[in-house]
Amino acid sequence: MRLTQIFAAAAIALVSTFAVADDAADKAIRKSLESLQLETPIEAISASPLAGLYEVKLKGSRVLYASADGQYVMQGYMFQLKDGKPVNLTEKTERLGVSKLVNEIPVAETVVYPAIGETKSHITVFTDTTCPYCHKLHAEVPELNKRGIEVRYVAFPRQGLGSPGDEQLQAVWCSKDKKAAMDKMVDGKEIKAAKCDNPVSKQFALGQSIGVNGTPAIVLADGQVIPGYQPAPQVAKLALGAK
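The paragraphs below set out a description of the structure included in this document. From a predicted model like this one, the values you see are computed outputs, not experimental measurements.

Turning next to the overall build of the protein chain. Secondary structure summary: the protein chain contains eight helices and twelve strands in total. Residues classed as buried in the protein chain amount to 46% of the 243 residues present. Within the protein chain, contacts between residues at least 6 apart in sequence are counted, and of these 68% link residues at least 24 apart. For the protein chain, the exposed area adds up to about 12800 Å²; of that, 53% sits on carbon and sulfur atoms. In the protein chain, the 28 positive side-chain charges and the 26 negative ones have mean positions that sit 5 Å from each other.

Now the structure itself:
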């Protein structure tokens, strides 16, 4: 069963600490989730801030909540009302997971456009060279670089593996100068590169695991995912606020 929406969780006002789930709760929750045939493995189960409710972290950063006996499972946002303002605890946890996964991508496996002068922050962009809005964002990369933002491209063939976009991205990643190859490909110029071992399929799978389903998808340093094109000034403002 695809993990789209199992149940909507209500907003909750509380303060507590996290703890590892006890063995009985861990086993009961895992058994229940196995029966749902989720496509995403469980990474960890721990006590949530709400007594009796457990946080289930799935591979790729998504979060579920479950009762100790595993009979109730929820997907949705949990809020803490702090100083009269809502804090989205679920989103904070998910962003930490995304940040860890994306920031661990070896820089050598990305196409890097470094900041000009001081590097103030960085963004990771899931891109496809056949995507018009990716071309639009690419035209603004120099402006982002001037604002101190390093841009790291990773591959996400939006029409799937084996698509024209996949073939183009593999050619870019197999080029000796990936940056120059990316520029030419975005400009509509043909490039030739020998087949090689490359991270395109791995990066595509990573994008899917964190919920990317289109391009461009911009991931800030703190794990916030911005779907779709945004102009350089807006991206820079968000990136610098997330460093």
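Let us keep going from here.
Another point: empty space enclosed by the protein. Under the defined criterion, the tally for this structure stands at one cavity of 30 Å³ or more. The volume enclosed by the largest cavity comes to roughly 30 Å³. Lining the largest cavity are Thr127, Asp128, Thr129, Cys134, His138, Tyr153, Met182 and Val186. Where the lining of the largest cavity is concerned, the elements lending two or more residues are α3 (132–138) and α6 (178–186).

Let us look at the state of the cysteines. Enumeration according to the criterion identifies one disulfide in this entry. There is a disulfide in this structure between Cys174 and Cys196, and the S-S distance comes to 2.0 Å. The chirality of the disulfide connecting Cys174 with Cys196 is left-handed, given an S-S dihedral of about -95 degrees. Separated by 22 residues along the polypeptide, Cys174 in the loop between α5 (164–173) and α6 and Cys196 in the loop between α6 and α7 (200–209) bring together distant segments of the chain. Since its relative accessible area comes to 32%, Cys196 is described here as partly exposed.

This part is about the packing of aromatic side chains. In total, this model carries five aromatic pairs according to the counting rule given. Centre to centre, the rings of Tyr133 and Tyr229 are 6.4 Å apart; their planes meet at 35 degrees, and the pair counts as tilted. Placement of Tyr133 in helix α3 and of Tyr229 in the loop between β12 (225–227) and α8 (232–241) is noted, with a sequence separation of 96 residues between them.

Before going further, it helps to examine the pairing of strand β2 (residues 42–47). With five bridges connecting them, β2 and strand β3 (residues 53–58) associate as antiparallel partners. Bridge assignment links Ala47 to a residue of β3, and that residue is Tyr54.

This brings us to α6. Along α6, the residues that are buried comprise Ala181, Met182, Met185 and Val186. The buried side chains of α6 occupy one side of the element, clustering within an arc of 130 degrees when seen end-on. Looking at the packing, one finds that the buried side of α6 touches β8 (111–113), β9 (121–127), α3, β10 (149–155) and α5. A distance of 3.3 Å separates the backbone nitrogen of Lys179 from a side-chain oxygen at the start of α6, and that oxygen is part of Asp177. Phi turns positive one or two residues past the end of α6, at Gly188, with a value near 85 degrees.

Along the chain, Thr215 connects to Pro216 via a cis peptide bond; the corresponding omega equals -5 degrees. By the secondary structure assignment, Pro216 is in the loop between α7 and β11 (217–220). One non-glycine residue, Asp83, adopts positive backbone phi at about 55 degrees. Its place among the elements puts Asp83 in the loop between β6 (79–82) and β7 (85–88). With a relative accessible area of 75%, Asp83 lands in the exposed category.

A separate point is the nonpolar core. Judged by nonpolar contacts, the single largest core of 30 residues is most densely connected at Ile123, Tyr153 and Trp173. Where this core is concerned, the elements lending two or more residues are β8, β9, α4 (141–146), β10, α5, α6, β11 and α8.

Tracing the backbone through its elements, the reader meets Thr215 in the loop between α7 and β11. Note on Thr215: relative accessible area 13%, which makes it buried. When sequence neighbours within four positions are dropped, the list of residues in contact with Thr215 reads Phe126, Thr127, Asp128, Cys131, Cys134, Phe156 and Arg158.

Rules behind the numbers
- Residues numbered from 1 in each chain as written.
- Predicted model: local features only at pLDDT ≥ 70, side-chain atom pairs only at ≥ 80, totals over all residues.
- Heavy atoms only, no water.
- Helix = DSSP H or I, 4+ residues; strand = E, 2+ residues; numbered from the N terminus.
- Buried < 20%, exposed > 50% of the residue type's maximum accessible area, 1.4 Å probe, protein only.
- Contact = heavy atoms within 4.5 Å.
- Areas by Shrake-Rupley, 256 points an atom, 1.4 Å probe, with all protein chains shown as cover.
- Lys, Arg positive; Asp, Glu negative; His and termini not counted.
- Charge placed at Lys NZ, Arg CZ, Asp CG, Glu CD.
- 1 Å grid on protein atoms, 1.4 Å probe; cavity = no way out; pocket = protein on both sides within 12 Å on 5 of 7 lines; lining within 4 Å.
- Points joined across faces, edges and corners; volume = space filled by probe spheres on them.
- Disulfide = S-S within 2.5 Å.
- Phe/Tyr/Trp six-rings, centres within 6.5 Å; stacked < 30°, edge-to-face > 60°.
- Pairing = 2+ DSSP bridges.
- Arc of directions from axis to C-beta.
- Polar contact = N/O pair within 3.5 Å; in protein donor to acceptor, adjacent residues only side chain to side chain.
- Core = buried A, V, L, I, M, F, W, Y, C linked by side-chain atoms within 4.5 Å.

The values are spatial; any link to function lies outside them.
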